[in-house]
Amino acid sequence: MYSHGSESLIKQAREIQEPELQKFYSRLVKLLQGKEFGHETIDSLQRLHLILSATKYTRTADLSSLCAQLLRGLESRQSEGPAHSLAHTLPILNTILTHSPECLTEDHLTLLSKKLVDWLRYASITQGGGASSGGFFTGPRSRQPVPIAELDGTVSGDFFTVLCVGQGFTEDQWMNVYSFSMLRHWLLTYHSVSSGSTAADTDDRSEVDGSVVSMVSATSSSSRLLPPKERLREKAFQYCLRLIEQSDRKAHKRTDTELQKACLVEAVCILDCVCVEDASLVYRTFPCVKALFGRLSSDLTFARVLLPIAQFYLNHGEMAAVDCESVWKLVFGQFPAELFNDPFLAHELLRFLRLNLESLQLRVPQYTRSFPNLLKFLAWDSPAVVDDFVDLLPSLVTAETAVELFHTLLDLPCLSATLVLQLRSTCSPISESGGRGLLSLDAFRSPSFRGLFLFLLRAEAGSGDTIDRLSTLHELLAEAVDWQRVVQCAQTVPVLLHIFFNTVVTAADEKLLAHLILAMLERSSLLLNLPTYIKEIHRYTFTHTVELCHLLRLCKLHPSLVVDQSHELLEFAGTTANVYSKEEIYTHVVWVLGEYLSVSCDSRCSVRLITSCFEALEAVLFEITSSAPPPGAACPAPRVVTTLMSALAKLASRSHDLIPRVSLFLSKLRTVTRGGSVAWCSDEEDLIAIVTRGEELWSLLKTPGVAQSVLTPPQHVTTPQWHRDTNVSMPLQLRTLTSLTHSQ
């Protein structure tokens with residue numbers, strides 16, 4: 001959060017009006033024309049930096065003249081000009097690169113590249129201020145230059161970098177630090193704006209006298225003859241390799257250790273940039289990056305450094321023909337398994353996946369297999385990462401992973417609870433606030449149930465779609481249903497299921513969809529006992545809206561699935577208990593049977609199969625309308641009853657021998673309800689609606705030909721295209737009406 005003062009300044013920057021901004025901008029350009037940069041000039045530069053940073057997406061001010069003015073100020077040597085102003089000039093230039101890179105000309109690109117080379121490679125190697133030689137008559141002339149040091153305290157034997165330390169720093173050393181901070185941004189901008197000048201850089205500035213050339217900085221003198229862009233790339237390459245060398249030193253301070261990590265991240269990212277621009281550098285860079293990975297891979301505290309290394313391997317590993325298996329084993333294995341509760345890593349890793357999604361799908365088979373591990377980030381902190389998984393989930397759905405992924409999504413609340421138990425198991429004793437020990441934690445530690453939890457914690461797909469003792473697992477986790485993480489995780493599952501099914505219906509074949517339908521029926525009663533969660537899962541998977549019901553969508557796309565899975569569907573629909581406990585699911589299964597169990601949908605649909613389905617549904621309908629509901633259960637929903645009646649009528653219209661049976665039932669229903677209320681329907685209006693529907697179906701079945709046309713209409717009736725079909729009179733009528741309304 002910003003302080004009150006900072007928020008006030010940001011608000012002022014955002015609310016500045018255009019006339020005032022132009023006036024301020026003109027005054028600043030005039031100030032920059034002076035030989036000396038006074039306090040007002042520096043203050044104005046800082047203010048402009050804030051204005052550009054705070055409003056860069058809403059304002060378009062022309063910055064070309066300012067850019068030219070600032071760059072002209074860089075042309076003079078530091079001894080000739082206001083050196084202290086350079087520290088304020090570079091941040092402004094960096095912001096301009098973001099705001100309007102098009103204002104840079106070829107000359108600007110060349111100039112700034114040359115200056116960055118100077119600052120990065122040729123900064124002073126002595127500490128700022130120097131050290132006194134002692135004595136009474138000590139003065140500036142008697143101060144001796146003190147060489148810069150490394151983080152481990154030894155005297156530096158190479159050129160200055162951001163990882164060098166001293167009692168004070170010279171101006172050019174500060175410019176070295178500022179230059180490194182903007183180097184990656186500049187390389188990316190330079191690469192995108194222009195290919196740069198091809199003129200040779202004839203700057204013959206010699207190397208710093210007295211420096212001890214290290215392995216990473218030893219370069220050919222021919223590099224000085226390279227064009228500015230290539231020379232900057234070469235110096236950036238040397239600088240980053242020097243940083244990697246320095247990072248292996250033991251820092252005395254913890255803050256310096258963190259600085260080493262931050263510089264390693266930036267160094268590897270810059271090396272990746274220069275290798276993208278110049279592929280020949282890949283072969284020079286990979287040995288160093290590979291050695292760095294070998295040094296850091298065993299220490300997960302360097303995870304933030306290892307991700308840029310993984311990016312480097314992804315971008316250049318194929319070209320260098322190196323084995324990347326160990327890298328992906330770390331990224332998709334250890335990181336999610338051991339650091340799922342690290343919010344920074346979660347953000348960075350998921351961002352890495354989103355930015356490289358296409359490459360990962362094509363070149364890294366471990367990616368799709370690792371979804372059980374990756375979903376641990378979601379199970380642990382759903383609100384923070386759900387947006388990432390909305391983008392990533394479709395890429396994880398393949399023919400090999402779809403069914404297991406479906407089960408895993410339904411088990412996410414269980415995984416969330418298990419991750420909590422995994423962390424808590426390291427603390428003993430453990431109990432809730434009331435002092436009662438956690439039974440689920442005892443189960444987690446018990447060898448008898450260890451296999452259940454280990455399956456949830458698996459790192460890769462392929463060990464099985466789900467487990468046999470899910471109901472046992474749900475009982476063991478019963479006390480976790482009100483844990484905040486578990487509840488939050490459960491709230492995200494319906495949305496992810498919706499994305500999952502939207503992907504499946506466009507990519508899967510019939511065999512996979514058939515398997516998936518069975519899984520849907522199986523898991524309808526095997527969910528962690530969060531009442532709201534169960535209701536939402538049923539609603540999203542078997543919603544009452546036909547367009548959104550995923551079961552109906554699958555069957556509509558592939559009607560033959562109903563015949564393929566008729567045994568399982570009939571078994572489900574023939575179980576009377578499902579009427580009371582799974583109303584949504586049961587209603588749609590019955591509707592699917594009545595709608596698609598037809599020869600017009602699948603030639604394999606025999607009279608025998610239609611009769612078998614009819615008898616199963618008839619038995620359920622007779623049972624629920626001839627007696628009161630079981631103890632503790634509500635009356636069957638009117639929609640279930642009317643759907644059963646409609647399904648029976650549809651089946652009878654396709655096998656006329658069944659018409660008398662359904663007609664007899666419908667007539668009896670009418671007779672029974674004349675006596676008033678019935679035990680199986682407590683609402684009078686619902687009963688009237690059921691009877692009305694029965695009378696409509698009974699009337700239709702009196703004329704079987706009409707019944708079949710109405711209840712099982714041909715496709716050209718259900719999906720009419722009369723405005724296109726020239727074989728019917730509708731187009732002619734439309735053309736006639738058009739000519740009449742547009743008559744001259």
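Residues numbered from 1 in each chain as written. Predicted model: local features only at pLDDT ≥ 70, side-chain atom pairs only at ≥ 80, totals over all residues. Heavy atoms only, no water.

- The name given to the chain in an unreviewed UniProt entry is Adaptor related protein complex 5 subunit zeta 1, with Lates calcarifer as the source organism.

1. A short note on the overall build of the chain
- In terms of helices and strands, the chain carries 37 helices and 2 strands.
- Relative to its full complement of 744 residues, the chain shows a buried share of 49%.
- Partitioning the contacts of the chain with sequence separation of at least 6, the portion at a separation of at least 24 is 74%.
- Only carbon and sulfur atoms are counted for the fraction: they give 54% of the accessible area of the chain, which is about 36200 Å². (Helix = DSSP H or I, 4+ residues; strand = E, 2+ residues; numbered from the N terminus. Buried < 20%, exposed > 50% of the residue type's maximum accessible area, 1.4 Å probe, protein only. Contact = heavy atoms within 4.5 Å. Areas by Shrake-Rupley, 256 points an atom, 1.4 Å probe, with all protein chains shown as cover.)

2. Regarding the packing of helix H32 (residues 638–654) against helix H33 (residues 659–673)
- The interhelical angle for the contact between H32 and H33, taken along N-to-C directions, is 150°, at an axis separation of 9 Å. Looking at the two axes, H32 sits roughly antiparallel to H33. For the pair H32 and H33, the crossing hand works out as left-handed. The residues of H33 that touch H32, namely those facing Met645, Leu648, Ala649 and Ala652, are Ile659, Val662, Phe665, Leu666 and Leu669.
- When the residues that make up the contact of H32 with H33 are grouped by side-chain class, the tally is 9 nonpolar, no polar and no charged. (Axes fitted to C-alpha atoms, helices over the stretch in contact; angles between N-to-C directions. Parallel < 35°, antiparallel > 145°, perpendicular 65-115°, else oblique. Left-handed = near helix turned anticlockwise from the far one by under 90°. Nonpolar A, V, L, I, M, F, W, Y, C, P; charged D, E, K, R; others polar.)

3. Comments concerning unusual backbone geometry
- Of note in the backbone geometry, Ala321 takes a positive phi value of approximately 55° without being a glycine.
- As for its placement among the helices and strands, Ala321 is situated in the loop between helix H11 (303–320) and helix H12 (325–339).

4. Re the nonpolar core
- Formed by 230 residues in total, the largest nonpolar core has its most connected members in Phe335 and Phe500.
- Element by element, the count of residues in this core is highest for helix H23 (residues 484–507), at 11 residues.
- Setting aside its immediate chain neighbours within four residues, Phe335 contacts Leu300, Ala303, Leu306, Leu307, Leu330, Phe340, Leu345, Leu349 and Phe377. (Core = buried A, V, L, I, M, F, W, Y, C linked by side-chain atoms within 4.5 Å.)

5. Points about the packing of aromatic side chains
- Scanning the entire structure with this criterion turns up 18 aromatic pairs.
- Ring geometry for Phe444 and Phe453: centres 5.3 Å apart, planes at 70°, overall edge-to-face.
- With a relative accessible area of 4%, Phe444 lands in the buried category.
- Measuring from centroid to centroid gives 6.4 Å for Phe572 and Tyr586, while their planes differ by 35°, and the two rings are tilted. (Phe/Tyr/Trp six-rings, centres within 6.5 Å; stacked < 30°, edge-to-face > 60°.)

6. Considerations on helix H2 (residues 18–32)
- Relative to the 21 Å expected for 15 residues at 1.5 Å per residue, H2 spans 21 Å between its end C-alpha atoms, a close match to the ideal helical length.
- Residues of H2 that are buried include every one of Leu21, Phe24, Tyr25, Leu28, Val29 and Leu32, and no others. Seen along its axis, H2 keeps its buried residues to an arc of 140°; they face one direction. H2 presents Pro19, Lys23 and Lys30 as exposed residues on the side facing more than 90 degrees away from its buried surface. (Expected span 1.5 Å × (residues − 1). Arc of directions from axis to C-beta.)

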